[in-house]
Amino acid sequence: MLDFALLALGLGIKHSFDLDHILAVSNLLAKAKSLRKSVSMSISWAAGHMLTASLITFVLFTYQSSLLPLILDKFELLVGAMLIFLGALSIYQAKHMAIHSHTHIHEGKKHTHLHAHIIANNKDHSHRHMLGIGIIHGLASNDELLLLLTVSLGVSSLLEMLAGVGIFSIGVVVGMVAYSIFLTVPMLKIKSNKVQKAINSSIGFASILYGAVLILGI
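Residues numbered from 1 in each chain as written. Predicted model: local features only at pLDDT ≥ 70, side-chain atom pairs only at ≥ 80, totals over all residues. Heavy atoms only, no water.

**Some details on the pattern of salt bridges**
Considering all chains together, one arrives at one salt bridge under this definition. Notably, a salt bridge pairs K14 with D18, separated by 3.9 Å at the nearest N-O pair. (Salt bridge = Lys/Arg side-chain N within 4 Å of Asp/Glu carboxyl O.)

Spelled out as structure tokens, the structure:
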């Protein structure tokens, strides 16, 4: 069980850095207003991922011989469509992005903070969006979960398998939080509106391209 737990944790960290995950969450993390916000968004994504990853593990464990060939490939199409939508949305939002600064006094010293926002859009549904993205990604967590399933067959019960998915999900959280810090810290330091727009547009184009690759099966 210790070897199985370590494998689950390692696969979870690796899984968080899959290209479709990185591109999807980058569309939202690149617009986060603070590091704290970015980290909490990443945890929301991981929570959604854990919900459906647990569900798909139950299906794989219980119905592997009959349902497995019918369902696994279909989820990649859903992820591809989501990436195209998120990419198009990022490109659109980049054209309407503005950077504002505000100054306040703290302990007798002036502090200036910069933040980006989408013009004419004051509502923030980023946590809900990240949760939904995580739910879709959890459905497509097939490679790592299949490996966990194979390792555990004959030595684990369904309860132990779900515990493995829980450890796997912890690894996913660790990896995604690390990535959110890696992306958000430099983004918050960028003061140029043009650079912010260029980065968000680039993420959007990359997301659309990879989404098309998934759908076409290239």
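Structure shown, so let's carry the discussion forward.
**Describing the packing of helix α3 (residues 35-63) against helix α7 (residues 158-189)**
One way to put it is that α3 packs onto α7 with a least axis distance of 8 Å and a crossing angle of 155°. Judged by the angle between their axes, α3 and α7 are roughly antiparallel. Here α3 runs over α7; the crossing is right-handed. Taken together, the residues of the contact of α3 with α7 break down into 21 nonpolar, eight polar and no charged. (Axes fitted to C-alpha atoms, helices over the stretch in contact; angles between N-to-C directions. Helix = DSSP H or I, 4+ residues; strand = E, 2+ residues; numbered from the N terminus. Parallel < 35°, antiparallel > 145°, perpendicular 65-115°, else oblique. Left-handed = near helix turned anticlockwise from the far one by under 90°. Nonpolar A, V, L, I, M, F, W, Y, C, P; charged D, E, K, R; others polar.)

**Re the packing of aromatic side chains**
Counted under the stated rule, the structure contains one aromatic pair. Summarising the aromatic geometry, the rings of Y179 and F182 are spaced 6.4 Å apart at their centres and angled 35° between planes, so their arrangement reads as tilted. Linking Y179 with F182, this pair stays in helix α7, spanning three residues, or about one helical turn. Look at Y179 and you get buried, because its relative accessible area is 10%. Judged by its relative accessible area of 64%, F182 falls in the exposed class. (Phe/Tyr/Trp six-rings, centres within 6.5 Å; stacked < 30°, edge-to-face > 60°. Buried < 20%, exposed > 50% of the residue type's maximum accessible area, 1.4 Å probe, protein only.)

**Here's the deal with a nonpolar patch on the surface**
Residues L9, I13, F17, I170 and V174 make up a contiguous nonpolar surface patch of about 400 Å² in total accessible area. Contributions of two or more residues to the nonpolar patch are made by α1 (2-16) and α7. (Patch = residues over 30% accessible without salt bridge, like charges linked within 9 Å, V, L, I, M, F, W, Y side chains within 5 Å. Areas by Shrake-Rupley, 256 points an atom, 1.4 Å probe, with all protein chains shown as cover.)

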